[in-house]
Amino acid sequence: MKRAINALLICWLIAPGQSAEANPALGHRTQRNRSSCTDPALVRAAAELGTDRVPTGHEIREATVRAGSDATAVHAVIANSDRLKESFLQDLKWRSDAPIVCGEATNGGKRLVLATTRAGSLSEPPGDARHLVFTVRAKFQNAYVAFVDATGELHRYTIANEQNHGRITIPPDFQRPGVAQLVATGPFGPRPIAQRILAAKPTSTAKPAVAYTHEQRFADIRTAPELVRALRHEPRRAPLRLNRLLSREAQRHAQRICAEGRIVHTLGDGDPEQRLRTRGLVARAVGEVVARGDSWRDALLALAESPSHRLALTNRQFTDAGFGRARVDRHYCVVIMLAAWPRTTPVWARSTR
């Protein structure tokens, strides 16, 4: 039995002329990512959670933040044997685009294993409330840091492609507490690869604040269209039109990723722009956000709390949206497709470039 900590999140935003890294080659299952359960933050989190049962996503999230982890999604399993632990880690490796790190706690014959992918890192230097230090794996590109502060204000800091580590300045008008999220494009498309809650008092020696959340603000939100309307209302963005062709593709993708257990933009059928083109729809700009949680509410709240996803969902260039959702076992998957003035194309003009 396993769970994901925060809803798994990915976000795609592309305009014609831009491109993303191609799909990974077949045979990804045989990649040689080596894992060892020595990630200090995950070891501390596992020790706090104990081995009595698989913790809920909310419990894992609180424990990993308190432990100082910058992971965006953590998976968990209770393993009573080395074979079960290795099977869990190998399955996660097969579905991942970066090496796996993990931490574990044992008690008698029971073992709680926490694991996550490690494509980058994000941290606050000790005693420095004005900067963040980041690292990005070499095969990840188009990196940026997205911020959302206590007022809901969004900020974006672009990182040069040749820069895979360094220091960035937190926006001077950023109001704590808030969230900083490192995003980069890998083999399966762009996704958050590290995240930090920026506490109200950065110089405090107390344990890290667990919750920066929009849960109260979005307490009454029950559907993805309601969430998008609420998010776009705050910065006074125009409402999006419901597009049945976008919804059809969003639903198809939601069902597929939920069934395959890969929360990604590309599954061998191209990126979001290519998928729409093969179905007769082209647009000046295309966007897609994807989330998975332990409930519909968890998935929607994860979108609301993610700076990069809010940037996409409130982008003023989009005019239309489509919505899809699927449930497989205990996983609830939500896909929102976005487009700027989409139009249909004749059959002869449809291609996958």
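All residue numbers refer to positions counted from 1 along the written sequence of the respective chain. In keeping with the predicted nature of the model, local features appear solely for residues at pLDDT of at least 70, side-chain atom pairs appear and are counted solely at 80 or more, and the whole-chain, interface and lining totals rest on all residues. With hydrogens and water stripped out, all remaining heavy atoms of the structure feed into the side-chain values.

Some details on the sheet that holds strand β10 (residues 165–169)
As a reminder, the rule being used: Pairs of strands are assigned from DSSP output, requiring at least two bridges between the strands. Numbering of helices and strands runs from the N terminus, with a helix taken as a DSSP run of H or I at least four residues long and a strand as a DSSP run of E at least two residues long. Axis geometry follows a simple rule: fit a line to the C-alpha atoms, using only the stretch in contact for helices, then measure angles between N-to-C directions, giving values from 0 to 180 degrees.
Pairing within the open sheet is antiparallel, and its 3 strands lie in the order β6-β7-β10. The open sheet has two free edges, formed respectively by β6 (120–123) and β10, since each of these has just one partner strand. The sheet shows a mean angle of 20 degrees between the axes of neighbouring strands, direction not considered. Relative to β10, strand β7 (residues 131–136) is paired through 5 bridges, and the arrangement is antiparallel. Bridging across to β10, F134 finds its partner in G166.

Examining the confidence of the model for the protein chain
Put simply, the rule reads: The predictor rates its confidence in each residue with pLDDT, a number between 0 and 100. Here a residue-residue contact requires only that any non-hydrogen atoms of the pair lie within 4.5 Å.
In this model, the protein chain carries a mean pLDDT of 84, and residues with pLDDT of at least 70 account for 83%. Every residue in residues 1–7 is under pLDDT 50, and counting partners more than four places away or in other chains gives 40 contacts.

Focus on the nonpolar core
Operational definition: Only buried Ala, Val, Leu, Ile, Met, Phe, Trp, Tyr and Cys residues count toward a nonpolar core, and they belong to the same one when joined by side-chain atoms within 4.5 Å. Per-residue accessibility, obtained with a 1.4 Å probe over protein chains only, is compared with the maximum for each type, and a residue is labelled buried under 20%, exposed over 50%, and partly exposed between these values.
The biggest cluster of nonpolar side chains holds 24 residues, and the ones touching the most others in it are F218, L227, L303, L313, V334, I336 and L338. Those elements giving two or more residues to this core turn out to be α4 (224–233), β15 (286–293), α7 (296–305), α8 (307–313), β16 (320–328) and β17 (331–339). For this core, the element with the most residues is α7, which contributes 5 residues. Apart from residues lying up to four places away in sequence, L227 is in contact with F218, I221, L300, L303 and A304. One finds A119, V145, I159 and A180 within the second-largest nonpolar core, a separate group that totals 20 residues.

A closer look at the packing of aromatic side chains
This is how the line gets drawn: Two aromatic rings, drawn from Phe, Tyr or Trp (for Trp, its six-membered ring), form a pair once their centres lie within 6.5 Å of each other, and the interplanar angle then sorts them: stacked below 30 degrees, edge-to-face above 60, tilted otherwise.
If you walk through the whole model with that rule in mind, you get 2 aromatic pairs. For the ring pair W296 and Y332, a centre distance of 4.9 Å and an interplane angle of 80 degrees mean the geometry is edge-to-face. Of this pair, W296 sits in helix α7 while Y332 sits in strand β17, and the two are 36 residues apart along the sequence. For W296, a relative accessible area of 22% translates into the label partly exposed.

Points about the state of the cysteines
To be explicit about the condition: Cysteine sulfur atoms that come within 2.5 Å of each other are treated as a disulfide pair.
On inspection of all chains with the given rule, the structure shows 1 disulfide. Each disulfide pairs two cysteine sulfurs, and for C258 the partner residue is C333, the sulfurs being separated by 2.1 Å. Given an S-S torsion of about 80 degrees, the disulfide between C258 and C333 has right-handed geometry. Highlighted residues: C258 in helix α5 (residues 244–260) and C333 in strand β17, separated in sequence by 75 residues. By the burial criterion, C258 is buried, and C333 matches it.

Digging into the pairing of strand β8 (residues 141–148)
The element β8 is largely enclosed, with a buried count of 6 among its 8 residues. Bridging between β8 and strand β9 (residues 154–158) involves 5 bridges; their strand directions are antiparallel. Of the residues in β9, the one forming a bridge with A146 is R156. Joining the antiparallel neighbours β8 and β9 is a turn of 5 residues, in which G152 adopts a positive phi near 90 degrees.

Here's the deal with unusual backbone geometry
For the peptide bond that leads from R176 to P177, omega is -5 degrees, which places it in the cis range. Relative to the helices and strands, P177 resides in the loop between β10 and β11 (178–186). Within the chain, D329 stands out as a residue other than glycine whose phi angle is a positive 55 degrees. Inspection of the secondary structure assignment puts D329 in the loop between β16 and β17. On the basis of relative accessibility, which here comes to 66%, the residue D329 falls in the exposed class. The phi torsion at W341 lies on the positive side, around 50 degrees, for a residue other than glycine. Mapped onto the elements of the fold, W341 is located in the loop between β17 and β18 (343–344).

A word on the environment of P172
Relative to the helices and strands, P172 is located in the loop between β10 and β11. Between the alpha carbons of P172 and R130 there is a distance of 7.9 Å; along the sequence they are 42 residues apart.

Comments concerning the pattern of salt bridges
What counts is decided by this rule: Here, a salt bridge means any side-chain nitrogen of Lys or Arg that lies within 4 Å of a carboxyl oxygen of Asp or Glu.
Inspection of the entire model under this criterion finds 22 salt bridges. Of the charged contacts in the structure, one is a salt bridge between D39 and R118, with a shortest N-O distance of 3.8 Å. Of this pair, D39 sits in the loop between β2 (8–14) and α1 (40–49) while R118 sits in the loop between β5 (110–117) and β6, placing them 79 residues apart in sequence. By relative accessible area, R118 is classed as partly exposed at 21%. One salt bridge connects D91 with R95, and the closest N-O pair in it is separated by 3.1 Å. Among the ionic contacts, a cluster of salt bridges with common partners joins E249, R252, R256, E260, D269, R275, R279 and E288.

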